[in-house]
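One-letter residues, chain by chain:
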Amino acid sequence: MRRALMSLCVVMAATAAVTTGCAGGDDGDGGRKQADRQPRPQALTWQQELRTNDAQQHLTAECMRRQGFIYWEDRTLTLQESRPVRYVQDDVAWARTHGYGGRIDAKSQKARESNPLGAYRQRLSAARRAAFDTALDGGGDARTLTAPLPGGGEIRKRSGGCMEEAERTLYGDPAEWFRTSKIATGLSALYGEDLMKDPQLTAGLRAWSRCMKKAGQPYDDPQSARDAVRVDTSRLGTARADEAFAAERRTAVADATCARETSLKAVASARETHYQDRLRDRFGDDVDTYRNLGRQAYDRAVRIVPERD
């Protein structure tokens, strides 16, 4: 399945929209109450995230050209092919055309394998290759960014060269973007188990499963349906690829139809928001900063690259 197919917790923690509202407080905390009445920043849509990422690639390529190197931008997939397959997928028309995105995955994998950047780098002399690495990400002298993870521990990445320049152009402060992005997208580690046991979500999944069984697809949840499709596709192999893809589309259409009929997406989103809101006191400022920086980057991206066709 597509690399975007992740657990409910991971996907929705990164993308679920947060509703506006007021938090309680006593009369002596008027400033806090007034601040809580302000609408919270919204997460970017997947289309906006894609355009922002395209802009970052474009800025990196322009910077590398100024340094005397070639850098290829990857826009292999169309806009609709780039659509991530969430844990709850209720777009019946998309499923009818693409199934769960199995053939899109294959197209993307082929593009990665044939990407000319690696071969280009290897053809460079040792000195030019070292210069290429330094130009791209700062090389061995690049600074290291560190971000704490909500569930414990930390994550690091090297930051320098044209990649850092592109991030700075879009986000302003690469270190703050890295830190808050890892916090915002890692919150599910703190509530993932509770969410998957949530009575309203589990009731929604049971309703979805009953609907699927009536459609001849006996699966307990969307992940088990997709796992079965993946196994079946592997078993049939390339010789029966068309048969496998037809079966993938049938299951995906039933999945999306049942998700729509049972309102599973709305239930999952509401319960996700419920658990996220319980963490607002600890992580609300970081999540808001992450979303504001993302919005700022997108506003800049629209002046840099067009949306994919």
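Let me sum up the structure you'll find in this document. (Residues numbered from 1 in each chain as written. Predicted model: local features only at pLDDT ≥ 70, side-chain atom pairs only at ≥ 80, totals over all residues. Heavy atoms only, no water.)

**A look at the overall build of the protein**
Next, step 1: Helix and strand content of the protein: 15 helices and two strands.
Next, step 2: For the protein, buried positions account for 45% of its 309 residues.
Next, step 3: Counted over contacts in the protein with a minimum sequence separation of 6, partners at least 24 positions apart contribute 75%.
Next, step 4: Approximately 15900 Å² of the protein is accessible, and the part contributed by carbon and sulfur atoms is 49%. (Helix = DSSP H or I, 4+ residues; strand = E, 2+ residues; numbered from the N terminus. Buried < 20%, exposed > 50% of the residue type's maximum accessible area, 1.4 Å probe, protein only. Contact = heavy atoms within 4.5 Å. Areas by Shrake-Rupley, 256 points an atom, 1.4 Å probe, with all protein chains shown as cover.)

**Digging into the pattern of salt bridges**
Next, step 1: Under the counting rule described, the total for this entry stands at 23 salt bridges.
Next, step 2: The closest approach of N and O atoms between Asp 255 and Arg 226, which form a salt bridge, is 3.3 Å. Placement of Asp 255 in helix 13 (residues 241–261) and of Arg 226 in helix 12 (residues 222–236) is noted, with a sequence separation of 29 residues between them. The burial state of Asp 255 is the same as that of Arg 226; both residues are buried.
Next, step 3: Among the salt bridges present, the one from Arg 280 reaches Asp 288, with a minimum N-O distance of 3.0 Å.
Next, step 4: Taking relative accessible area as the criterion, Arg 280 reaches 21% and is therefore assigned partly exposed.
Next, step 5: Since its relative accessible area comes to 16%, Asp 288 is described here as buried.
Next, step 6: Each of Asp 54, Arg 75 and Arg 308 takes part in salt bridges that share partners, so that together they form one network. (Salt bridge = Lys/Arg side-chain N within 4 Å of Asp/Glu carboxyl O.)

**Side note on the pairing of strand 1 (residues 143–148)**
Taken residue by residue, a regular strand's side chains alternate between the two faces of the sheet.
Next, step 1: Note: strand 1 against strand 2 (residues 154–159), six bridges, orientation antiparallel. Opposite Leu 145, over in strand 2, you have Lys 157 as the bridge partner.
Next, step 2: Linkage of strand 1 to strand 2, two consecutive antiparallel strands, is achieved through a turn of five residues, within which Gly 152 is found at a positive phi near 115°. (Pairing = 2+ DSSP bridges.)

**Notes on the state of the cysteines**
Next, step 1: Counted according to the given criterion, the structure contains two disulfides.
Next, step 2: Paired through a disulfide, Cys 63 and Cys 162 show a sulfur-sulfur distance of 2.0 Å. Across the S-S bond linking Cys 63 and Cys 162, the dihedral sits near -70°, which makes this disulfide left-handed. Highlighted residues: Cys 63 in helix 3 (residues 46–66) and Cys 162 in helix 8 (residues 161–171), separated in sequence by 99 residues.
Next, step 3: A relative accessible area of 1% places Cys 162 in the buried class.
Next, step 4: Here Cys 211 engages in a disulfide with Cys 258; their sulfurs sit 2.1 Å apart. Looking along the S-S bond of the Cys 211-Cys 258 disulfide, the torsion reads about -80°, which is the left-handed sense. One end of the pair, Cys 211, is in helix 11 (residues 199–214); the other, Cys 258, is in helix 13, and 47 residues separate them in sequence. One exposure class covers both Cys 211 and Cys 258, and it is buried. (Disulfide = S-S within 2.5 Å.)

**Some points on the packing of helix 3 against helix 8**
Next, step 1: Interaxial distance between helix 3 and helix 8 falls to 8 Å at its minimum, and their mutual angle equals 130°. It follows from the interaxial angle that helix 3 and helix 8 lie oblique. Both helix 3 and helix 8 take part in a crossing whose hand is right-handed. On the side of helix 3, the interface is formed by Thr 52, Ala 55, Gln 56, Leu 59, Thr 60, Cys 63, Met 64 and Arg 66, while helix 8 contributes Cys 162, Met 163, Glu 165, Ala 166, Glu 167, Thr 169, Leu 170 and Tyr 171. (Axes fitted to C-alpha atoms, helices over the stretch in contact; angles between N-to-C directions. Parallel < 35°, antiparallel > 145°, perpendicular 65-115°, else oblique. Left-handed = near helix turned anticlockwise from the far one by under 90°.)

**Considerations on helix 5 (residues 102–113)**
Next, step 1: Compared with the 16 Å implied by 1.5 Å per residue over twelve residues, the 17 Å span of helix 5 between its first and last C-alpha is a close match.
Next, step 2: If you follow the buried residues of helix 5, they end up packed against helix 4 (92–98). (Expected span 1.5 Å × (residues − 1).)

**Topic: the environment of Tyr 100**
Next, step 1: Within the element layout of this structure, Tyr 100 appears in the loop between helix 4 and helix 5.
Next, step 2: When the C-alpha atoms of Tyr 100 and Pro 84 are compared, they prove to be 9.5 Å apart, with 16 residues separating the residues in sequence.
Next, step 3: A polar side-chain atom of Tyr 100 sits 2.7 Å from a polar atom in the side chain of Asp 255. (Polar contact = N/O pair within 3.5 Å; in protein donor to acceptor, adjacent residues only side chain to side chain.)

**Observations regarding unusual backbone geometry**
Across the chain, the bulk of peptide bonds are trans and the bulk of non-glycine residues have phi less than zero.
Next, step 1: Phi angles above zero are rare outside glycine, and Ser 263 is one such case at about 55°.
Next, step 2: With respect to the helices, strands and loops of the structure, Ser 263 is situated in the loop between helix 13 and helix 14 (264–277).

**A few points about the nonpolar core**
Next, step 1: Core analysis: the biggest nonpolar cluster contains 45 residues, and Leu 170, Leu 187, Trp 208, Met 212 and Leu 264 have the highest contact counts within it.
Next, step 2: Setting aside chain neighbours within four positions, we find Leu 264 in contact with Val 88, Leu 201, Gly 204, Leu 205, Trp 208, Pro 222 and Ala 259. (Core = buried A, V, L, I, M, F, W, Y, C linked by side-chain atoms within 4.5 Å.)

**Some words on the packing of aromatic side chains**
Next, step 1: Under the counting rule described, the total for this entry stands at six aromatic pairs.
Next, step 2: Pairing Trp 177 with Tyr 290 gives two aromatic rings, centres 5.1 Å apart and planes at 20°, and the pair type is stacked. With a gap of 113 residues between them, Trp 177 in helix 9 (residues 174–184) and Tyr 290 in helix 15 (residues 280–301) connect regions that are remote in the sequence.
Next, step 3: Its relative accessible area of 14% is what places Trp 177 among the buried residues.
Next, step 4: With a centroid separation of 6.2 Å and an interplanar angle of 15°, the aromatic rings of Tyr 191 and Tyr 275 are classed as stacked. One end of the pair, Tyr 191, is in helix 10 (residues 188–197); the other, Tyr 275, is in helix 14, with 84 residues separating them in the sequence.
Next, step 5: What makes Tyr 275 buried here is its relative accessible area of 8%. (Phe/Tyr/Trp six-rings, centres within 6.5 Å; stacked < 30°, edge-to-face > 60°.)

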